[in-house]
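Here is what each chain is made of, one letter per residue.
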Amino acid sequence: MLDSAVVLDVQPNRCIALHRGQDCYQKLTVSWQTPEVGDYCLQVLDGPGVLQCWQGLRQGQMKLEFADSKAWNFELVEQGKIRSLAEAELELVWVYKRTKKISTGWRLF
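Because the structure is a prediction, the values reported are computed rather than measured.

Cut-offs applied
All residue numbers refer to positions counted from 1 along the written sequence of the respective chain. Residues qualify for local features only when their pLDDT is at least 70, as the model is predicted, and side-chain atom pairs are given and counted only at 80 or more; totals for whole chains, interfaces and linings, by contrast, use all residues. Each side-chain value is derived from all of the structure's non-hydrogen atoms; neither hydrogens nor water enter the calculation. For the purposes of this section, nonpolar cores are sets of buried Ala, Val, Leu, Ile, Met, Phe, Trp, Tyr and Cys residues that join through side-chain atoms within 4.5 Å. Three labels apply to residues, based on accessible area from a 1.4 Å probe with only protein chains included: buried if under 20% of the type maximum, exposed if over 50%, partly exposed otherwise in between. Numbering of helices and strands runs from the N terminus; a helix is a DSSP stretch of H or I covering at least four residues, while a strand is a stretch of E covering at least two. Throughout this description, the term salt bridge denotes a Lys or Arg side-chain nitrogen within 4 Å of a carboxyl oxygen of Asp or Glu. Confidence of the predictor at the level of single residues is given by pLDDT, which spans 0 to 100.

Peer 1: Honestly, the nonpolar core in this entry has me stumped. Any pointers?
Peer 2: The tendency in soluble globular proteins is for nonpolar side chains to be buried side by side. Ranked by size, the top nonpolar core spans 24 residues in total, and within it Leu8, Leu28, Val30, Leu42, Phe66 and Phe74 carry the most contacts. If you list the elements that add at least two residues to this core, you get β1 (7-11), β2 (14-19), β3 (24-45), β4 (49-68), β5 (72-78) and β6 (84-96).

Encoded structure:
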């Protein structure tokens, strides 16, 4: 269960690539805030894992360069615990959803 008093924000929250399946490149700022001082970690589910941890803070921020072909789901957790405090998603969108087939000019009958 997520804690409604905890804020996790990814800006921008959308990355645009030209074609589906292509890597998308974006500079991101991820910020978080909690009501209590504590030890927290920012991680990516189904991705690179733990990105950064902070000790004795109520808020934090990190900048990173995103380069991937799939969306990332960020999660803020209390260090040493499994329960997610907050989640945020970086959505991937494409200009062209399908790649066009290139005709080679050869045809087999």
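Peer 1: Would you mind going over the pattern of salt bridges with me for this structure?
Peer 2: Charged atoms that come close allow side chains of opposite charge to pair. Scanning the entire structure with this criterion turns up two salt bridges. As a salt-bridge pair, Glu91 and Arg14 come within 3.4 Å of each other at their nearest N and O atoms. Taken together, the residues span a long stretch of sequence, with Glu91 in strand β6 and Arg14 in strand β2 at a distance of 77 residues. You can call Glu91 partly exposed: its relative accessible area is 34%. With a shortest N-O distance of 3.9 Å, Lys81 and Glu78 are connected by a salt bridge. What makes Lys81 exposed here is its relative accessible area of 51%. On the accessibility criterion, Glu78 (28% relative accessible area) is partly exposed.

Peer 1: How should the confidence of the model for the protein be read in this particular structure?
Peer 2: Detailed reading of the predicted coordinates is not advisable wherever pLDDT is low. Residue-level pLDDT values for the protein average 88, and 86% of them are 70 or greater. When pLDDT is averaged over each element of the protein, β1 comes out on top at 96 and β2 at the bottom at 91.

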